[in-house]
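# Architecture and fold: a report
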Amino acid sequence: MAAIGRPREFDRDAALEAAMFLFWRKGFATTSMNDLCGTMGVGSPSLYAAFGNKEALYLEAIEHYVRTKGLLVWDKLAKGATARAGIENLLIAATNRLPRSRATPAGCMAVLAAVGDEWPTAIARVVKKVRLEMLGMLRSRLEAAANKCELPASTDIDGLSRFYLSVYQGMAIQARDGATQAELRAVAAAAMAAWPGDGG
């Protein structure tokens, strides 16, 4: 049965993408509803009808980020013949994606989000879950590497997972502060030089 009433006068997916970029650039607290309406090209009644409140819109935007922009970096972890190659691929992809460009703001929306006390509890909880999923992906790749004897038997898998996540998170913050691709590549190289054993 066809829906009754006026159809939406905007492209919901395009509006969500615009909101994602705005939240990514400005953060949750400093983004106003007026900012969102202007960027998304919708009036506030349409925005509320389509997305609910600002918090609900942010949650949908961060999910969209993870499925699209985040995947462009984190899917590289599974690529490569070894875990070392996979992690290096991830960090190199990060050096390409994290610096500010004409197309995207600097940094990683998931890393930069919900740090501090101004974030609603629901957002902080979801973003923490995303970051823990990043840690889990690293841990799974390293556990598989240990099982294949790619790593010394004495390797602290949890510590190494947290180390490489910390490198990625630090790169995201440095990119937000203006670090260039070349500067981030130096960070990635130093991180890979710390690989357990002979360094690959």
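That block above? That's the structure.
Thresholds, definitions, all that
- Residues numbered from 1 in each chain as written.
- Predicted model: local features only at pLDDT ≥ 70, side-chain atom pairs only at ≥ 80, totals over all residues.
- Heavy atoms only, no water.
- Phe/Tyr/Trp six-rings, centres within 6.5 Å; stacked < 30°, edge-to-face > 60°.
- Helix = DSSP H or I, 4+ residues; strand = E, 2+ residues; numbered from the N terminus.
- Buried < 20%, exposed > 50% of the residue type's maximum accessible area, 1.4 Å probe, protein only.
- Polar contact = N/O pair within 3.5 Å; in protein donor to acceptor, adjacent residues only side chain to side chain.
- Contact = heavy atoms within 4.5 Å.
- Axes fitted to C-alpha atoms, helices over the stretch in contact; angles between N-to-C directions.
- Parallel < 35°, antiparallel > 145°, perpendicular 65-115°, else oblique.
- Nonpolar A, V, L, I, M, F, W, Y, C, P; charged D, E, K, R; others polar.
- Salt bridge = Lys/Arg side-chain N within 4 Å of Asp/Glu carboxyl O.

This part is about the packing of aromatic side chains. The final tally for this structure, using the stated rule, is 10 aromatic pairs. Pairing phenylalanine 28 with tyrosine 58 gives two aromatic rings, centres 5.6 Å apart and planes at 90 degrees, and the pair type is edge-to-face. Note that phenylalanine 28 is positioned in the loop between helix 1 (12–26) and helix 2 (33–40) and tyrosine 58 in helix 4 (residues 54–74), a separation of 30 residues in sequence. Each member of the pair, phenylalanine 28 as well as tyrosine 58, carries the same accessibility label: buried. Taken together, a centroid distance of 4.8 Å and an interplanar angle of 70 degrees make the contact between phenylalanine 163 and tyrosine 164 edge-to-face.

Moving on to unusual backbone geometry. Here the phi dihedral of cysteine 149 falls at roughly 65 degrees; this positive angle occurs in a residue that is not glycine. Examined against the element boundaries, cysteine 149 turns out to sit in the loop between helix 7 (121–147) and helix 8 (157–176).

Quick look at the side chain of threonine 155 now. Residue position: threonine 155 is located in the loop between helix 7 and helix 8. When its relative accessible area of 15% is taken as the criterion, threonine 155 is described as buried. Within the structure, threonine 155 has its side chain in polar contact with the backbone oxygen of proline 152 (distance 2.8 Å). In this structure threonine 155 touches Leu160 and Pro196, once residues within four positions along its chain are discounted.

Where helix 5 (residues 83–97) meets helix 8, the closest approach of the two axes is 10 Å, and the angle between their N-to-C directions is 10 degrees. It follows from the interaxial angle that helix 5 and helix 8 lie roughly parallel. Only Tyr164, Val167, Tyr168 and Met171 of helix 8 make contact with helix 5, whose side of the interface consists of Ile87, Leu90, Leu91, Ala94 and Thr95. The residue makeup of the contact of helix 5 with helix 8, split by class, is 8 nonpolar, 1 polar and no charged.

Attention now goes to the pattern of salt bridges. Here the structure, examined in full by the defined rule, presents 8 salt bridges. Its salt-bridge partner being arginine 67, residue glutamate 63 comes within 3.1 Å of it at the nearest N-O pair. One end of the pair is glutamate 63 and the other is arginine 67, both in helix 4 and 4 residues apart, which spans about a single turn. Residue class for glutamate 63 comes out partly exposed when judged on its relative accessible area of 46%. Where lysine 76 meets aspartate 75, a salt bridge forms, and the shortest distance between an N and an O atom there is 3.2 Å. Its relative accessible area of 25% is what places lysine 76 among the partly exposed residues. With relative accessibility at 29%, the residue aspartate 75 sits in the partly exposed group. Taken together, the shared-partner salt bridges connect Arg139, Asp158 and Arg162 into one network.

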